Amino acid sequence: AGSDDDGSGRRGARELGMAADIEDSQGGGGSSSIRDQTAYLEARIVQLQNDKAGVRAKLQQFQDNFIKENDRKIRFHKDILPIERQYRAYKKLKEEISRLDRELRDLKNGL
């Protein structure tokens, strides 16, 4: 129980550590380390986008089934209770992808 929350928390901690590494290395920064950091961020973004697509497919399936079973769209918080954890995971994935995109953009712009 709570593995999605734990997993997201660990991922966030790793990413925060990576952000600190990026900032530290930019001070003395060789182009090799910037290339490595860029490659890491790009790979991580792709991985997270794949994870997000999988979660989104599950959410879409739940929504489709809900409409068939209830003859209405999801309108209330109680409607998503069975799959609330996945909704939260999806939101966290989107936020993390956005944050890493900003980091990557800043890294490429030399900020």
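Going along each chain's sequence as written, the residues are numbered from 1 onward. Predicted model: local features are reported for residues with pLDDT of at least 70 only, side-chain atom pairs are reported and counted for 80 or more only, and whole-chain, interface and lining totals are derived from all residues. Neither water nor hydrogens contribute to the side-chain values; these are computed over all heavy atoms in the structure.

Quick notes on the overall build of the protein chain
Alright, step 1. Counting from the N terminus, the helices are the DSSP runs of H or I reaching at least four residues and the strands are the DSSP runs of E reaching at least two. Across its full length, the protein chain holds four helices and zero strands.
Alright, step 2. Its helices and strands in sequence order give the protein chain the pattern α-α-α-α, from N to C terminus.
Alright, step 3. Accessibility here uses a 1.4 Å probe with only protein chains present; expressed as a share of the type maximum, an area under 20% marks a residue as buried, one over 50% as exposed, and anything in between as partly exposed. Counting the 111 residues in the protein chain, one finds 29% classified as buried.
Alright, step 4. At a minimum sequence separation of 6, the contacts of the protein chain that also span at least 24 residues come to 71%.
Alright, step 5. Working note: accessible area of the protein chain is about 7,400 Å², and carbon and sulfur atoms make up 49% of it. In what follows, a contact means two residues having at least one pair of non-hydrogen atoms within 4.5 Å. Surface accessibility follows the Shrake-Rupley procedure with a 1.4 Å probe radius. Residue values consider only the protein chains on display as shielding.

Describing the nonpolar core
Alright, step 1. Here the nonpolar core consists of buried residues drawn from Ala, Val, Leu, Ile, Met, Phe, Trp, Tyr and Cys, with membership extended through side-chain atoms lying within 4.5 Å. Ranked by internal contacts, the top residues of the largest apolar core, which has 13 residues, are Leu41, Ile45, Leu48, Val55, Leu59 and Leu100.
Alright, step 2. Looking at this core, the elements with two or more residues in it are α2 (31-70) and α4 (84-108).
Alright, step 3. Once residues within four sequence positions are removed from consideration, Val55 is found in contact with Gln86, Tyr90 and Leu93.

Comments concerning the side chain of Glu84
Alright, step 1. Positionally, Glu84 belongs in helix α4.
Alright, step 2. Among the polar contacts listed, one links the side chain of Glu84 to the side chain of His77, at a separation of 2.9 Å. Within 3.5 Å is the distance limit for a polar contact, defined as a pair of N or O atoms, with the added protein rule that one can donate a hydrogen and the other accept it, and that residues adjacent in sequence qualify only through two side-chain atoms.

Describing the pattern of salt bridges
Alright, step 1. Between Lys or Arg on one side and Asp or Glu on the other, a salt bridge is scored when a side-chain nitrogen of the former is within 4 Å of a carboxyl oxygen of the latter. For the structure shown, the criterion picks out five salt bridges.
Alright, step 2. Note that Arg99 and Glu103 form a salt bridge whose closest N and O atoms lie 2.5 Å from each other. Note that Arg99 and Glu103 are positioned in helix α4 at a spacing of four residues, about one turn of the helix.

Section: the packing of aromatic side chains
Alright, step 1. Think of it this way: a Phe, Tyr or Trp ring, Trp meaning its six-membered ring, pairs with another when their centres are within 6.5 Å, and the plane angle makes it stacked under 30 degrees, edge-to-face over 60, tilted otherwise. Enumeration according to the criterion identifies one aromatic pair in this entry.
Alright, step 2. When the centroid spacing of 6.3 Å and the interplanar angle of 35 degrees are considered together, the rings of Phe62 and Phe66 count as tilted. Note that Phe62 and Phe66 are positioned in helix α2 at a spacing of four residues, about one turn of the helix. As far as burial versus exposure is concerned, Phe62 and Phe66 are alike and both buried.
Alright, step 3. Cation over ring: Lys78 sits above Phe76, and NZ or CZ is 5.9 Å from the ring centre. Two thresholds decide whether a charge sits over a ring: the Lys NZ or Arg CZ must be within 6 Å of the ring centre and within 35 degrees of the ring normal.

Here's the deal with the confidence of the model for the protein chain
In regions of low pLDDT, the predicted coordinates are not meant to be interpreted in detail.
Alright, step 1. When pLDDT is averaged along the protein chain, the result is 81; 70% of the residues meet or exceed 70.
Alright, step 2. Note on residues 1-29: pLDDT under 50 across the span, and 29 contacts to partners over four residues away in sequence or across chains. pLDDT measures the predictor's confidence residue by residue and takes values from 0 up to 100.

With respect to α4
Alright, step 1. The span you would expect from a helix comes to 1.5 Å times its residue count less one. Taking 1.5 Å of rise per residue, the 25 residues of α4 would be expected to cover 36 Å, and the 36 Å separating its terminal C-alpha atoms lies within 8% of that figure.
Alright, step 2. Those residues of α4 that sit buried are Glu84, Ala89, Tyr90, Leu93, Glu96, Ile97, Leu100, Glu103, Leu104 and Leu107.
Alright, step 3. Residue Gly110 follows α4 closely and has a positive phi angle near 75 degrees.

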